[in-house]
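Secondary and tertiary structure notes
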Amino acid sequence: MNRLVLILVVVAPLQAQFTELATTDDGSRLLFSSTLTLTTAAAEYPENRIFQLTRPNTIQLFAERGPKANTSSFGTGDGARHPQVSGDGSLVAFTLGGTCESEPPCQSPVTRTILQGPAAEASFNSDSAFLSRNGRYLLFTNPPGPPPANITAPSLLRDLQTGKVEEIPSLGGGTPIRRPVASDGTVLTQQVFPALWKAGSSRFVRLPSPIWYSLWGISDNARILLYFRFEPDSYDPNSKYKLIAHNLLTDEESVIISRPISGGPITVLGLSNDGSHVFFRSTDDYASGKAWISPTSSPQPIPVTLNDGELVTEGTLSGDGHWAFAVTTKGRLVKVDASTGSVVETLIPSTPYIGSLTAAAPGSFMSLNGAGLENAQLLLNGSPVPIFRTTPTAIDLQIPWEVQVPAMATVQVVPGSESPFHQNQRVFISSMAPRFDFRPIRPDFSGYFTPGPGDDFVLYATGLGSVDGSLATGQPTPADRLYRITGEFRCRFFPYDSDAELLFAGLAPGYTGIYQLNFRLPNQPGATRITGGSCNYGTNGSGGNIGFATLGNR
């Protein structure tokens, strides 16, 4: 399969099977969210649920939307998310997104913060809340308001012991920080400068003056501030992007890791309660990378030791700093000794996963990203689909021509291990589900170019549905005849004020499930390069519209 085509038809971002990990001080209780289901569950629309793992390795469903689910929002990332647990495990806070609190049809789904404890369950009208490690404080934050004012409503700090609620003055963009509240009620926020707020007092934190920095959060004892700093330095190209530990008592700083900004971001996965140790990932492909555990006062990063080729996608650190938990690109969830970086236990074995797939069309080639896919088998309505290539993070396949449309189908990703999870979801099979990336190709296929008025060019696409003639599933398109689509497809490319002429739309010879679109731009004088466009498609009385934008010259 030509690599050019693979780039065009990747339809799902790389994600982790298990995300948003949270654990207690001693690591005895672990919570995480996932769109996967336990093997005993029936196929459903993909949505997030929260699971918990307790000793001895018992995994249970902890929270889901249940009957409050808004069924029209499948595949949106709604559900139970963002679990947080107090250090002793007695309190858990999480969000429920896309829930319906009125009789169907659901007109206005809402998101709420749920707090569960030994006494009762409480619900708060907020979609962003942070629980202190001692379980005493719950901080509610708000996103910036609409432009042009972009005014952010004040944050609210609730003392769960006394019930007292205090308003924290809005400082710029609210509190877009991973860990903003400590167990003594200190809140980290920022405007032009970071600030520490506490009942009755507020003070700014003096940081060096880089061109750019971003706050991660504070330790639970409010002594260590973690932040990222970007320092352009033409004399030291390896010292541009840094993770910094700032001691709030002494104003001393330690560089945890330094790397070129072009190498991808650094992601903090966890910080111990006292701020003495940090668990982080150095990302090479913006989704996974090598991970380390390091002291913050005298950084000496200890690498997390995994199998060859295995990287970390998600993780967290126990409050006492003794244990790290990591999700890997093999689909494993492992427990790591923070003092050595060695895996001491595999809590969940390798579990294959593909990014959320909510719609597909018969006959179409698909290249899907995920994790743990090297030996995965994919079933559609219980039958295997043709698979052309698998790697640990990608799978290339074809939706069978024979599948019925329109209809709901069941997609299963079968694990090759004893994992208690599997991907078992419902997907809508549509007569057309087009996807393409605008990268014009010369009519003689000699390469990319920037077409002008009256020029012909070619695009590749997937999901354009049925064609004139029949083909066997899994077989490439013959070159001895044309297989034109039976549906309609037309595009207008901006800034042209009329549709482009569609010279051909059908299967691309030599490829399996790949479509070729030949266009001719209107001969419109004075038209500049294409800046975007909109395409309409339809068949059998149904259809839709897709838009796209392109930046820069090719």
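Everything quoted here is computed from the prediction, not taken from an experiment. (Residues numbered from 1 in each chain as written. Predicted model: local features only at pLDDT ≥ 70, side-chain atom pairs only at ≥ 80, totals over all residues. Heavy atoms only, no water.)

Under the definition given, this model contains 22 aromatic pairs. Each member of the aromatic cluster is reached from another via a ring pair, and the members are Phe436, Phe438, Phe457, Phe489, Phe493, Phe519 and Phe548. In this structure, Lys335 is placed above the aromatic ring of Trp323, and the distance from its NZ or CZ to the ring centre is 4.3 Å. The residue whose ring lies beneath Arg481 is Tyr483, and the NZ or CZ to ring-centre distance is 4.2 Å. (Phe/Tyr/Trp six-rings, centres within 6.5 Å; stacked < 30°, edge-to-face > 60°. Lys NZ or Arg CZ within 6 Å of the ring centre and 35° of its normal.)

Further remarks concern a nonpolar patch on the surface. A contiguous nonpolar patch, built from Val192, Phe193 and Phe204 and spanning about 340 Å² of accessible area, is present on the exposed surface. Inspection of the secondary structure assignment puts Val192 in the loop between strand 14 (187–190) and strand 15 (194–198). Val192 gets classed as exposed once you look at its relative accessible area, which sits at 57%. (Patch = residues over 30% accessible without salt bridge, like charges linked within 9 Å, V, L, I, M, F, W, Y side chains within 5 Å. Areas by Shrake-Rupley, 256 points an atom, 1.4 Å probe, with all protein chains shown as cover. Salt bridge = Lys/Arg side-chain N within 4 Å of Asp/Glu carboxyl O. Helix = DSSP H or I, 4+ residues; strand = E, 2+ residues; numbered from the N terminus. Buried < 20%, exposed > 50% of the residue type's maximum accessible area, 1.4 Å probe, protein only.)

If you walk across this open sheet you meet the 4 strands as 17-18-19-20, and the pairing is antiparallel. Two strands close off the open sheet at either side, each with one partner strand: strand 17 (212–218) and strand 20 (253–259). Within the sheet, the average angular offset between the axes of one strand and its neighbour, ignoring direction, is 20°. Here strand 19 (residues 241–247) runs beside strand 20; their pairing, made up of 6 bridges, is antiparallel. (Pairing = 2+ DSSP bridges. Axes fitted to C-alpha atoms, helices over the stretch in contact; angles between N-to-C directions.)

Looking now at the pattern of salt bridges. All chains considered together, the criterion is met by 15 salt bridges. Residue Glu47 pairs with Arg65 through a salt bridge whose shortest N-O separation is 2.8 Å. You can see Glu47 sitting in the loop between strand 3 (37–38) and strand 4 (49–54) and its partner Arg65 sitting in the loop between strand 5 (58–63) and strand 6 (79–85), a full 18 residues away along the chain. Of the two residues, Glu47 and Arg65, neither departs from the other in class, the shared state being buried. Close ionic contact of Arg332 with Glu310 constitutes a salt bridge, the shortest N to O distance being 2.9 Å. Taken as a pair, Arg332 in the loop between strand 26 (323–328) and strand 27 (333–337) and Glu310 in the loop between strand 24 (302–303) and strand 25 (312–317) lie far apart in primary sequence, 22 residues in all.

What follows covers the confidence of the model for the protein chain. Predicted confidence across the protein chain gives a mean pLDDT of 87, with 89% of residues reaching 70 or more. Within the model, the stretch residues 1–14 combines pLDDT values under 50 with 41 contacts to residues more than four positions away or in other chains. (pLDDT = per-residue confidence, 0-100. Contact = heavy atoms within 4.5 Å.)

Trans is the common state for peptide bonds, and a negative phi is the common state for residues other than glycine. Of note, the amide linkage connecting Val405 to Pro406 takes the cis form, showing an omega dihedral of -20°. For Pro406, the location among the structural elements is in the loop between strand 35 (394–398) and strand 36 (407–414). Omega for the peptide link from Phe494 to Pro495 comes to 15°, which places this bond in the cis form. Tracing the sequence through the fold places Pro495 in the loop between strand 39 (488–494) and strand 40 (501–507). One non-glycine residue, Asp251, adopts positive backbone phi at about 65°. Along the chain, Asp251 falls in the loop between strand 19 and strand 20. The class for Asp251 is partly exposed, based on a relative accessible area of 44%.

Before going further, it helps to spend a moment on the nonpolar core. Grouped together as the largest cluster of nonpolar side chains are 29 residues, with contacts concentrated most on Phe457, Leu459, Leu464, Phe489, Phe493, Leu517 and Phe519. Those elements that place two or more of their residues in this core are strand 38 (456–461), strand 39, strand 40, strand 41 (515–520) and strand 42 (532–539). Filtering out sequence-adjacent residues up to four positions away, Leu459 remains in contact with Phe436, Asp437, Phe438, Arg439, Pro440, Phe493, Tyr515, Gln516, Leu517 and Phe519. Residues Met366, Leu378, Ile395 and Val411 belong to the second largest nonpolar core, which totals 19 residues. (Core = buried A, V, L, I, M, F, W, Y, C linked by side-chain atoms within 4.5 Å.)

What follows is about the state of the cysteines. Inspection of the entire model under this criterion finds 2 disulfides. What pairs with Cys100 in a disulfide is Cys106, and their sulfur atoms sit 2.2 Å apart. Because the sign of the S-S torsion sets the handedness, a value of about -110° for the bond joining Cys100 and Cys106 places this disulfide among the left-handed ones. Taken in N- to C-terminal order, the disulfide-linked cysteines of the protein chain are connected 1-2, 3-4. (Disulfide = S-S within 2.5 Å.)

Attention now moves to the sheet that holds strand 1 (residues 19–23). With antiparallel pairing, 4 strands are arranged side by side in an open sheet as 1-2-4-5. Whereas interior strands pair on both sides, the edge strands pair on one side only; in this sheet they are strand 1 and strand 5. Neighbour-to-neighbour, the strand axes of this sheet turn through a mean angle of 25°, independent of strand direction.

Looking at the secondary structure, you find Ser318 in the loop between strand 25 and strand 26. You can call Ser318 buried: its relative accessible area is 0%. Separated by 290 residues in sequence, Ser318 and Ser28 place their C-alpha atoms 8.9 Å apart. Separated by 2.7 Å, the side chains of Ser318 and Asp320 make a polar contact. (Polar contact = N/O pair within 3.5 Å; in protein donor to acceptor, adjacent residues only side chain to side chain.)

The element strand 21 (residues 266–271) is largely enclosed, with a buried count of 5 among its 6 residues. Sheet topology places strand 21 next to strand 22 (residues 277–283); 5 bridges connect them, and they run antiparallel. Among the inter-strand pairings, Thr267 is bridged to a residue of strand 22, identified as Arg281. Count of turn residues in the strand 21/strand 22 antiparallel hairpin: 5 residues, of which Gly275 carries a positive phi of about 75°.

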